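Understanding the architecture of this molecule
These are the residues of each chain, in order.
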Amino acid sequence: FPTRRSSVLTLTSPDRAIVFGVPGRGLTDIAGPASWTLGVGADPGRYGNAIGTSAGSTVNGVSGAPTAYYGATPVRVAGTGGDFTGGSLRLALHYLELEIPTA
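Within any chain, residue numbers begin from 1 and follow the written order of that chain's sequence. Local features in this predicted model are restricted to residues whose pLDDT is 70 or higher, and side-chain atom pairs enter the listing and the counts only when it is 80 or higher, whereas totals over whole chains, interfaces and linings include all residues. Values reported for side chains reflect all heavy atoms of the structure, with hydrogen atoms and water molecules removed beforehand.

1. A few points about the overall build of the protein chain
Under the scheme used here, helices are H or I runs from DSSP no shorter than 4 residues and strands are E runs no shorter than 2 residues, and both carry numbers assigned from the N terminus. Within the protein chain one finds 0 helices and 10 strands. Along the protein chain, helices (α) and strands (β) appear in the sequence β-β-β-β-β-β-β-β-β-β when read from the amino end. The dimensions of the protein chain, computed from C-alpha atoms along their principal axes, are 55 × 20 × 20 Å. Burial classes: relative accessible area under 20% of the type maximum marks a residue as buried, over 50% as exposed, and values in between as partly exposed (1.4 Å probe, protein chains only). Within the protein chain, the fraction of its 103 residues that count as buried is 39%. A separation threshold of at least 6 residues defines the contact pool for the protein chain, and within that pool the share at least 24 residues apart is 78%. Charged residues are defined narrowly, with Lys and Arg counted positive, Asp and Glu counted negative, and His plus the chain ends left uncounted. Here the site of a charge means atom NZ of a Lys, CZ of an Arg, CG of an Asp or CD of a Glu. Charge centroids of the protein chain, computed over 7 positive and 6 negative side chains, lie 5 Å from each other. The contact criterion used throughout is that any non-hydrogen atoms of two residues lie within 4.5 Å.

2. Let's talk about the environment of Phe84
For Phe84, the position within the fold is in the loop between strand S8 (73–80) and strand S9 (89–91). Expressed as a C-alpha distance, the spacing of Phe84 and Ser35, which sit 49 residues apart in the sequence, is 9.9 Å.

3. Focus on the pattern of salt bridges
Salt-bridge detection follows one rule: a side-chain nitrogen of Lys or Arg within 4 Å of a carboxyl oxygen of Asp or Glu. Enumeration according to the criterion identifies 1 salt bridge in this entry. Of the charged contacts in the structure, one is a salt bridge between Arg46 and Asp43, with a shortest N-O distance of 3.5 Å. Overall, Arg46 belongs to the partly exposed group, its relative accessible area being 24%. Its relative accessible area of 31% is what places Asp43 among the partly exposed residues.

4. Overview of the sheet that holds strand S6 (residues 58–59)
By definition, two strands form a pair when at least two bridges between them are found by DSSP. Reading across from one edge, S6-S3-S9 is the order of the 3 strands in this open sheet, with antiparallel pairing throughout. A single partner strand is all that each edge strand has here, and the edge strands are S6 and S9. Where strand S3 (residues 24–26) lies against S9, 3 bridges are found, and the strand directions are antiparallel. Bridging from a neighbouring strand, Gly24 pairs with Leu91 of S9.

5. Topic: the pairing of strand S2 (residues 17–21)
Where S2 meets strand S7 (residues 62–69), 4 bridges bridge the pair, whose relative direction is antiparallel. Residue pairing in the sheet places Val19 in a bridge with Thr67 of S7.

6. Details of the nonpolar core
The criterion is simple. A nonpolar core is a set of buried Ala, Val, Leu, Ile, Met, Phe, Trp, Tyr and Cys residues joined through side-chain atoms within 4.5 Å. One finds Leu11, Val22, Trp36, Leu38, Tyr47, Val77 and Leu91 to be the most contacted residues of the largest nonpolar core, which totals 17 residues. For this core, the secondary-structure elements that each account for two or more residues are strand S4 (35–40), strand S5 (43–51), S8 and S9. Examining the composition of this core, we find that 3 residues originate from one element, S4, more than from any other.

7. Some points on the side chain of Thr53
For Thr53, the position within the fold is in the loop between S5 and S6. On the accessibility criterion, Thr53 (18% relative accessible area) is buried. When neighbours within four sequence positions are excluded, Thr53 is seen to be in contact with Thr28, Asp29, Ile30, Pro33, Ala34, Ser35 and Trp36.

Next comes the structure, spelled out in structure tokens:
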């Protein structure tokens, strides 16, 4: 992580995707914040709050109800109680895209 309180990731839901969740795992210890949240700009804790900072900590990140995003929507990670100064995460974005019939 760069040194900052929140980070927009390259993980982005596609335009008009229905998102089921964003699970994740800490690959190394997260340094800086006491915990972290996982969400999107309009709902910063949508996929998890008070997530642990130790390597191996996990977040199931279930939406509760599938959520449609009408525009590409980046996932955001935000530190609670401090800025990120190090560590790494692996996140996955689970979504459904509908295709319009061609004929």
